[in-house]
Amino acid sequence: MAADNNHIETSQRFAPPATRRDFLGLAATWSAIVAFVMAMLGALRLPMPSVFPESNSRVKLGRPDRFALGSATYFSKLRLWLFRDEAGFKAISSVCTHLGCVAERGVDGQYLCPCHGSKFDEIGAVKGGPAPKGLVWVDLSLSPEGWIVADTLSDVDPKTVLQA
Amino acid sequence: MSNVGGEHQTSHKPLRERSIGDEGALGEFGSNLISTPVALRDSIVRHGKPTSDRAKSQTIFSNFFLHILPVRTHLHAIKATTTLGLGVATFVLFIILCVTGVLLMVYYKPSVDQAYASMLDIMHVVPTGRLIRNVHRWSAHAMVACVMLHMARAFYTAAYKRPRAFNWVIGMGLFVLTLGLSFTGYLLPWDQLAFWAVTIGANIAQSPQELTDALGMTQYFDIGLWQKEVLLGAHQVGQEALIRFYVLHIMVLPVVTAILIGVHFWRIRKDGGLARPSHADASSQEMPALASEPAPLKSYGLMAMMKDKTPAVNREMRHTITTWPNVMYVIGAASMVTVLAMLLLGYFFDAPLTEMANPNVPENPAKAPWYFLGLQELVSYSAFMGGVAIPAIVVLGLALVPYLDREKEDVGLWFSGARGRRVTFVSGLFAAATVIGMLWFTVSFGWLRNWETTAHVPQIVITLFNPGTVLVALFAMWSVATVRFMNSTRMGAIALFTCFVVGFVILTYFATVHRGPNWDFYWSQSDWPVH
């Protein structure tokens, strides 16, 4: 065996398993593959937006005195219910957490989604249907001039109220 | 070869010296001018009329558009029951969609403010606009149907078996692309139907949150939100989403689909033509004698690449006919039937166009196109399972069929014979019973959230255990049991595929007919409450 190996290694016709040439060839191939993949990943970064059309998500809802005690006001463009009771203000989004349809608030204060029949109670907790979580409570704050401002992209823990 | 003796070919005039005023050149110019049409034709079609077998072969072989076809085709391939013409019909529908789609692009404006108005223009003002749009819409529906039927044909005739295994996988890719083309096209009219169907679709893309929320990892790894943002370029369906869907619909997906169609066709040739049973070659029927001189013009030495033992002298030719004109007649007939059906549909039935999209008021019920309605029923149990996990399992499971069932058996036989027909029938009964049973149970008694003791189970339980996942589990168990008791992976595959087909059909029917406002159950649309 040893003699055979010697013979192969010294022979001009049979190269040893890896040569400098092989190494360079493999290195070049893999460099090209890595470069191509990185270029593709770089190109695919483009469709991932860094600014969203709704980025300015803070909206003035009105002065606190506009809303009577015990009132429920619907902002249809914001898909948002604003409630005022003794504790203060609270805002619940009517966008269903299942697949994004707009849930309708019935006279009993419960929400019903027309798309797949999800049901939510008065505070937005899931009562039935496929919705995975309760309706979103939207962050409320007071602007320096004393307006109620809703941040439609940031949610707060349910039962958080704004005193004003 | 022709210049063996060094003599000149008489057909080419030797270049001769000319002097000024030589009338010969002018005369030649005149006769060249007169014979230009014939010379032009002969330069395009470089062989004579397809009267001999050799010329017929050349007609196929030397034509760019036809050379994907073999010059001779097995008789089995053109029997109506072999393919039912479904592959050709699907391809023709794709061509119709490309042509009518480009025509519609002339007037369509992918802008939130103008899209709906341009649809109205196309329907009411543009000459032939209504017909072209109708044909485009019905062809899209028909293409989805034909792709599914074509897949069923390939499956039941075992045409996915080696060496055609990978072509089946490419076919699955084309199936997904066809659905993607339909879905992206669905948004473009910018009507209520479009807006809410795509809102639902985009939120299905976001639904992996259902799982990541349950695992408490959404804040580190929110793939659901990421998918929705890439798809819509926003958090709601709007201008960004419209332009993205437009680019996908008219450019990205059609190009990828066209390339894959090319690969799909190419591999049919490379895999030895359409799947045919062994008896198709062994029949004792006398075949018409060949009136041909089968010697090829060139020999490429392909014999060196043959895998089999010896080339079959004078046997390969039996049971075959020239592709020109026999197969061309079959392809032509299937194409004409397809085009005619689409024209009739487009002429007599208008594609739906509801009122303009209103992001504040959802359609009630908001129904997806028919081929997604079965999924929408599953989505009404759990968004993630019905919209992402189960479709992924089905597509992946179907793509893997050729690798999980590698039994060597005859291909090209419907249902693989009597045993397979029995398995198909029994599996169909089983699937129908389970699906109808589950639907009846869910409609009558509800599910976990409707029952006192389980009303507050965590979401992960509902995600993993709902009527949809129960059905999938039952189908999987049924097919494993079939593998076990029939002792055959092919029979297990037939059982699973049949369950999938029957489940799809029943769920689609149920969601189309029996689901009304608030996704409640109604026997018919006339029972729907009036607002």
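## A short note on the overall build of chain A
Thought 1: Scanning chain A for helices and strands turns up 2 helices and 10 strands.
Thought 2: Counting every position in chain A, which comprises 164 residues, the buried fraction comes to 37%.
Thought 3: Long-range pairs, those at least 24 residues apart, make up 35% of the contacts in chain A with a sequence separation of at least 6.
Thought 4: Accessible surface for chain A amounts to roughly 10100 Å². Of this, 59% is attributable to carbon and sulfur atoms.

## Brief notes about the interface of chain B and chain A
Thought 1: Contacts between the two partners involve 36 residues from chain B and, on the opposite side, 29 residues from chain A.
Thought 2: Between chain B and chain A, a total of about 2500 Å² is buried, with carbon and sulfur atoms accounting for 57% of that surface.
Thought 3: Joining chain B to chain A, the criterion identifies 1 salt bridge.
Thought 4: Linking B:Asp213 and A:Lys133 is a salt bridge whose minimum nitrogen-to-oxygen distance equals 3.0 Å.
Thought 5: Counting the contacts that link chain B with chain A gives 8 residue pairs in polar contact (both at pLDDT 80 or more).
Thought 6: Within the residue set of the side of chain B that touches chain A, elements represented by two or more residues are helix H8 (192-206), helix H9 (208-214), helix H10 (223-232), helix H11 (239-270) and helix H14 (370-379) of chain B.
Thought 7: Take the side of chain B that touches chain A: its biggest share by element is 6 residues, from H8(B).
Thought 8: Residue composition of the side of chain B that touches chain A, grouped by class: 16 nonpolar, 13 polar and 7 charged.

## A look at unusual backbone geometry
Residues and elements named next belong to chain B.
Thought 1: The omega torsion across Arg 162 and Pro 163 is 5°, close enough to zero to call that bond cis.
Thought 2: Each neighbour pair has its own omega, and for Trp 324 with Pro 325 the value is 0°, a cis peptide bond.
Thought 3: In this fold, Pro 325 is placed in helix H13 (residues 323-348).
Thought 4: Positive phi, normally seen in glycine, also occurs at Ala 158, with a value near 55°.
Thought 5: Positioned with a positive phi, Asn 518 is a non-glycine residue whose angle comes to about 60°.
Thought 6: With respect to the secondary-structure elements, Asn 518 resides in the segment after helix H19 (489-513).

## A word on the sheet that holds strand S6 (residues 111-112) of chain A
All names here are of chain A.
Thought 1: What the 4 strands build is an open sheet, ordered S5-S6-S7-S8; its pairing is antiparallel. Unpaired on one side and paired on the other, strand S5 (104-105) and strand S8 (126-128) mark the two borders of the sheet.
Thought 2: Alignment of S5 against S6, held across 2 bridges, turns out to be antiparallel. Within the sheet, the bridge partner assigned to Glu 104 lies in S6 and is Leu 112.

## Things to note about the packing of helix H4 (residues 86-105) of chain B against helix H6 (residues 129-156) of chain B
All names here are of chain B.
Thought 1: Packing of H4 against H6 brings their axes to within 8 Å, and their N-to-C directions diverge by 155°. Between H4 and H6, the angle falls in the class roughly antiparallel. Classified by chirality, the crossing of H6 by H4 is left-handed.
Thought 2: For the contact of H4 with H6, the residue count by class is 16 nonpolar, 7 polar and 2 charged.

## Quick notes on the side chain of B:Thr498
Thought 1: Along the chain, B:Thr498 falls in helix H19.
Thought 2: Taking the relative accessible area as the measure of exposure, B:Thr498 reaches 4% and is therefore buried.

## Describing the pattern of salt bridges
Residues and elements named next belong to chain B.
Thought 1: For the coordinates displayed, the defined rule picks out 7 salt bridges over all chains.
Thought 2: With its nearest N and O atoms 3.5 Å apart, the salt bridge here joins Asp 53 to Arg 72. Within this pair, whereas Asp 53 is found in helix H2 (residues 53-61), its partner Arg 72 is found in strand S1 (residues 72-74), the two being separated by 19 residues in sequence.
Thought 3: Arg 72 gets classed as buried once you look at its relative accessible area, which sits at 16%.

## Regarding the packing of aromatic side chains
Thought 1: In this structure the tally under the stated criterion is 32 aromatic pairs over all chains.
Thought 2: Between B:Tyr160 and B:Trp168, the aromatic rings sit 5.6 Å apart at their centres with planes inclined by 55°, giving tilted as the arrangement. Per residue, the accessibility class of B:Tyr160 equals that of B:Trp168, and both read buried.
Thought 3: The aromatic ring of A:Trp81 is capped on one face by A:Arg105, whose charged end is 4.8 Å from the ring centroid.

Conventions adopted
- Residues numbered from 1 in each chain as written.
- Chains lettered and ligands numbered in written order.
- Predicted model: local features only at pLDDT ≥ 70, side-chain atom pairs only at ≥ 80, totals over all residues.
- Heavy atoms only, no water.
- Helix = DSSP H or I, 4+ residues; strand = E, 2+ residues; numbered from the N terminus.
- Buried < 20%, exposed > 50% of the residue type's maximum accessible area, 1.4 Å probe, protein only.
- Contact = heavy atoms within 4.5 Å.
- Areas by Shrake-Rupley, 256 points an atom, 1.4 Å probe, with all protein chains shown as cover.
- Buried area = accessible area lost by both parts, 1.4 Å probe.
- Salt bridge = Lys/Arg side-chain N within 4 Å of Asp/Glu carboxyl O.
- Polar contact = N/O pair within 3.5 Å; in protein donor to acceptor, adjacent residues only side chain to side chain.
- Nonpolar A, V, L, I, M, F, W, Y, C, P; charged D, E, K, R; others polar.
- Pairing = 2+ DSSP bridges.
- Axes fitted to C-alpha atoms, helices over the stretch in contact; angles between N-to-C directions.
- Parallel < 35°, antiparallel > 145°, perpendicular 65-115°, else oblique.
- Left-handed = near helix turned anticlockwise from the far one by under 90°.
- Phe/Tyr/Trp six-rings, centres within 6.5 Å; stacked < 30°, edge-to-face > 60°.
- Lys NZ or Arg CZ within 6 Å of the ring centre and 35° of its normal.

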